[in-house]
Amino acid sequence: MSALLSAEELTRELDRIGEERYHHRHPFHALMHEGKLSRGQLQAWALNRYYYQSRIPIKDAFIVARSTDADFRRAWRKRIVDHDGDGKDAGGIARWLALAEATGLTREQVASERQVLPAVRFAVDSYLDLVQRGTMIEAVASSLTELFAGKLIALRLDRMREHYPWMENGLSYFQKRLTQAPEDSQFALQWVIEHAQSRAQQEQACHALRAKCDILWAQLDAIHFAYVEPGWPPPGAFQMRAEGQA
């Protein structure tokens, strides 16, 4: 095992992993940003991605429950409120449902989770397993994909407004995340830097980030396979209507 990385070296390694493995490079996102997805394909994405969105506050609750540090718990539980809402703000999950409705889906159809692809369900559940069974370093570091989300979200907002103007009423989720994600990611990064006190723990953090990138990539792989190429959604999963079909 090589020497302990400095804070700057660890940050550079995490950045390198994100640049190489984050799902901003996935072909499905390329199609989305080029305006080449149909309404049905966007519906399939919104419906399946909801399963991931709905598990984020559960993931964060697991992390809060594992910590004995009250200051950490106070800081981290903000993430749960951001997604579940607080009675004044509806929260990220409600905003994602609004996005799905903007594509033409019903709220009940999406929230029921009945039509989620099995591979998407498996990938998201593996994320919860990582957070529960890994070390605390791994649990926190797995959230560091947020370091790379800002650029992708900004690009997505621009391209969706350009290519899919009919989705404008559903874009508030991304607008909110433009400010939430950088704040959350900087707190998590600083925590990892301070608490990864051995090279082995630093390697755990890097491993967790790679694993989370793989999980995000796997979700898009499943959606692309089912709804783009070759276009084979399994029985029970969401089925796209033909273009122009009511």
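Located above this text is the structure these notes cover.
About the thresholds
- Residues numbered from 1 in each chain as written.
- Predicted model: local features only at pLDDT ≥ 70, side-chain atom pairs only at ≥ 80, totals over all residues.
- Heavy atoms only, no water.
- 1 Å grid on protein atoms, 1.4 Å probe; cavity = no way out; pocket = protein on both sides within 12 Å on 5 of 7 lines; lining within 4 Å.
- Points joined across faces, edges and corners; volume = space filled by probe spheres on them.
- Helix = DSSP H or I, 4+ residues; strand = E, 2+ residues; numbered from the N terminus.
- Nonpolar A, V, L, I, M, F, W, Y, C, P; charged D, E, K, R; others polar.
- Polar contact = N/O pair within 3.5 Å; in protein donor to acceptor, adjacent residues only side chain to side chain.
- Contact = heavy atoms within 4.5 Å.
- Disulfide = S-S within 2.5 Å.
- Axes fitted to C-alpha atoms, helices over the stretch in contact; angles between N-to-C directions.
- Left-handed = near helix turned anticlockwise from the far one by under 90°.
- Core = buried A, V, L, I, M, F, W, Y, C linked by side-chain atoms within 4.5 Å.
- Buried < 20%, exposed > 50% of the residue type's maximum accessible area, 1.4 Å probe, protein only.

Engineer: Describe in detail the layout of surface pockets, supporting the description with residues and values.
Structural biologist: Quantified by volume, the largest pocket comes out at close to 230 Å³. Along the walls of the largest pocket sit Asp15, Gly18, Glu19, Tyr22, His24, Leu147, Phe148, Ala149, Gly150, Lys151, Leu152 and Leu155, which together make up its complete lining. Every element with two or more residues in the lining of the largest pocket is listed here: helix 1 (7-21) and helix 9 (149-163). The biggest single contributor to the lining of the largest pocket is helix 9, with 5 residues. The class makeup of the residues in the lining of the largest pocket is 6 nonpolar, 3 polar and 3 charged.

Engineer: Before we move on, can you summarise the side chain of Asn48 with the specific residues and values?
Structural biologist: Mapped onto the elements, Asn48 comes out in helix 3 (residues 39-66). Engagement of the side chain of Asn48 in a polar contact is seen with the backbone nitrogen of Leu117, the distance being 2.7 Å. Setting aside residues no more than four positions away along its own chain, Asn48 makes contact with Gln115, Val116, Leu117, Val120, Ile223 and Tyr227.

Engineer: Requested: an account of the state of the cysteines, with residues and values cited.
Structural biologist: For the structure on display, the rule yields 0 disulfides. Cys206 takes part in no disulfide bond, and the closest cysteine sulfur, belonging to Cys213, lies 11 Å away.

Engineer: Can you explain the packing of helix 3 against helix 11 (residues 199-227)? Please cite residues and give values.
Structural biologist: When two helices pack together, their arrangement is captured by the angle between the axes and the distance separating the axes. Helix 11 packs onto helix 3 with a crossing angle of 145 degrees between their chain directions and a minimal axis gap of 10 Å. Crossing angle aside, the handedness with which helix 3 passes helix 11 is right-handed. Every residue of helix 11 that contacts helix 3 at Gln41, Ala44, Trp45, Asn48, Arg49 and Tyr52 is listed here: Lys212, Leu216, Gln219, Leu220, Ile223 and Tyr227. Across the contact of helix 3 with helix 11, the residue classes break down as 7 nonpolar, 3 polar and 2 charged.

Engineer: Quick rundown of the nonpolar core? Include the residues and the values.
Structural biologist: Trp45, Val140, Met160 and Phe174 are the most contacted members of the largest nonpolar core, which has 75 residues in total. Ranked by residues supplied to this core, first place goes to helix 11 with 13 residues. With residues near it in sequence (within four places) discarded, Phe174 still touches Trp45, Trp96, Leu99, Ile153, Arg156, Leu157 and Met160.

That is the geometry; function is a separate question.
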